[in-house]
Amino acid sequence: MKYSRDKRIVMTLDAGGTTMVFSALQGGEELVEPIIGPTPKESLEATLRALIDGFEEIRGRLPEPLSAISVGFPAPADYRRGIIGDLENIPAFRGGVALGPMLEDHFGLPAFINNDGDLFTLGEYLGGLLPAINGMLEEEGRRRRYGNLLGVTMGTGTGGGIVAGGRILMGDNCAQGEINRMRNRLYSETSLEDSVSARGVRRVFAREAGIPENQTPSPVEIFEIAMGRRPGDGAAGRRAFTELAIVAGDAIANAVTLLDGMVVIGGGLSKAHPLFLSRLVEEMNESFLTLTGTDLPRMEVTAFNLEDPKELQRFLQGEEREIAVPFSNRTVRYDRAQRIGVGITRLGTERAVALGACIVE
């Protein structure tokens, strides 16, 4: 692909509410072992110093001149100007922080700031889920190809991104893809993020298990309990991820109704997909009940779980057939199955963000 021939070396950062991941890429390939560390939250200066120190360490490992710095940061932000706004998960950022200009002044390089959810989605579009699925369709001899992708990251919080026709969809206020602001299907006065997040999983587990939230295990431990790999209340663990699935599936169905594209899920909670992905896709395919008492499919398209081998095969197969051209002896191929797939990151979240970040403009 085009990005693989890009000879520029770009230092990258995926900054989240919990961790920061520094790397450097050339042509989509990592040149150094990523540096992973906690995101300091005690003060703005501590966070900014950690950013500079991380990039300095990466720069010290690189033998060739650098071309740019590319950073994935949560919203709200003015990404075009490199200014970060009031962040919920990194509260030291308040009142507008000119992060891009600061990095340009310090390193003497162009600095590009983008939403981490957008960069994750772009990375999966370029070298992850989307080309993997399109490649499978080609191997199966199918004509169908996909060119739009919704990315959703589930971790400390919930992030999102949209890539349409190979480009990040950039809103007028740089507030695109903010799926975390959709209404919570189960708790209608709250947002999706109260259920689709680490704190949401822990809250439900504590409620179902009848324990204080401050004694609740981590989401990773809850997953292991629910899978029977660790002692504990398995039913409570399964309920925690079922609620995540219902709320996420409802919101993703809303988004897909507008986008009509494939869906890729990343973030730390995506590793628990054996517990929630099937239920999430089921929620997307639910029907509305009309006022006349009839069912109306939730979406114009049918969603398939790409991590289930049987569903993946049905997705790839489609419903192709030959149809006659009116007033002609000719026939044409027609695939009447309107469908999208929902899958888990093929690159890993940090790697996808880094790949997306190396495509600087």
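This text goes with the structure placed above it.
(A) Layout of the overall build of the protein. For the protein, the helix and strand inventory stands at ten helices and 18 strands. For 361 residues, the compact-globule estimate of 2.2 N^0.38 gives 21 Å, and the protein sits close to it at 22 Å. Overall, the protein is about 65 × 60 × 40 Å in size when its C-alpha atoms are taken along their principal axes. When the 361 residues of the protein are sorted by exposure, 51% land in the buried category. Contacts in the protein between residues far apart in sequence, at least 24 positions, make up 62% of those at least 6 positions apart. Here the protein displays about 17,100 Å² of accessible surface, and carbon together with sulfur accounts for 49% of that area. Side-chain charges of the protein comprise 39 positive and 49 negative groups, with the mean position of each set lying 5 Å from the other.

(B) Representation of helix 5 (residues 198-209). The terminal C-alpha atoms of helix 5 lie 16 Å apart, and with twelve residues this matches the ideal 16 Å at 1.5 Å per residue to within 8%. All buried positions along helix 5 are accounted for by G200, V201, V204, F205 and A206. Where helix 5 is buried, its residues meet helix 6 (219-226) and helix 7 (234-259). The first or second residue beyond helix 5 is G210, which carries a positive phi of 70 degrees.

(C) View of the sheet that holds strand 10 (residues 158-164). Strand order in the open sheet formed by six strands is 11-10-9-12-18-15, with mixed pairing between adjacent strands. Each edge of the sheet is formed by a strand with only one pairing partner; in this case those strands are strand 11 (167-168) and strand 15 (302-305). Pairing between strand 10 and strand 11: two bridges, direction antiparallel. Its bridge partner lying in strand 11, A164 is registered against R167. Of the strands in this sheet, strand 9 (148-154), strand 10, strand 11 and strand 12 (262-266) touch helix 3 (residues 116-127), which is tilted by about 50 degrees from strand 10. The strands touched by helix 4 (residues 129-139) are strand 9, strand 12 and strand 18 (339-344); relative to strand 12, the strand with the most contacts, the crossing angle is about 135 degrees.

(D) View of the packing of helix 6 against helix 7. Two elements in contact, helix 6 and helix 7, have axes whose closest approach is 7 Å; the angle formed by their N-to-C orientations is 120 degrees. By the angle class used here, helix 6 and helix 7 are oblique. Two packed elements cross with a definite hand, and for helix 6 against helix 7 that hand is left-handed. Residues P219, I222, F223, I225 and A226 of helix 6 form the contact with helix 7, whose own contacting residues are G234, G237, R238 and F241. The residue inventory of the contact of helix 6 with helix 7, partitioned by class, reads six nonpolar, two polar and one charged.

(E) Quick peek at the pairing of strand 17 (residues 331-335). Note: strand 16 (residues 320-324) against strand 17, five bridges, orientation antiparallel. Note on strand 17: the bridge partner recorded for E322 is R333. Hairpin connection between strand 16 and strand 17: a loop of six residues separates the two successive antiparallel strands, and F327 in this loop has a positive phi of roughly 60 degrees.

(F) Quick look at the pattern of salt bridges. Overall, the coordinates contain 19 salt bridges when judged by the stated rule. The shortest N-O distance in the salt bridge between E193 and R199 comes to 3.6 Å. Where E243 meets R207, a salt bridge forms, and the shortest distance between an N and an O atom there is 2.6 Å. With E243 in helix 7 and R207 in helix 5, this residue pair connects regions lying 36 residues apart in the sequence. With a relative accessible area of 39%, R207 lands in the partly exposed category. By sharing partners, the salt bridges in this structure join R142, E320, E322 and R333 into a single network.

What counts and what doesn't
- Residues numbered from 1 in each chain as written.
- Predicted model: local features only at pLDDT ≥ 70, side-chain atom pairs only at ≥ 80, totals over all residues.
- Heavy atoms only, no water.
- Helix = DSSP H or I, 4+ residues; strand = E, 2+ residues; numbered from the N terminus.
- Rg over C-alpha atoms; globule rule 2.2 N^0.38 Å.
- Buried < 20%, exposed > 50% of the residue type's maximum accessible area, 1.4 Å probe, protein only.
- Contact = heavy atoms within 4.5 Å.
- Areas by Shrake-Rupley, 256 points an atom, 1.4 Å probe, with all protein chains shown as cover.
- Lys, Arg positive; Asp, Glu negative; His and termini not counted.
- Charge placed at Lys NZ, Arg CZ, Asp CG, Glu CD.
- Expected span 1.5 Å × (residues − 1).
- Pairing = 2+ DSSP bridges.
- Axes fitted to C-alpha atoms, helices over the stretch in contact; angles between N-to-C directions.
- Parallel < 35°, antiparallel > 145°, perpendicular 65-115°, else oblique.
- Left-handed = near helix turned anticlockwise from the far one by under 90°.
- Nonpolar A, V, L, I, M, F, W, Y, C, P; charged D, E, K, R; others polar.
- Salt bridge = Lys/Arg side-chain N within 4 Å of Asp/Glu carboxyl O.

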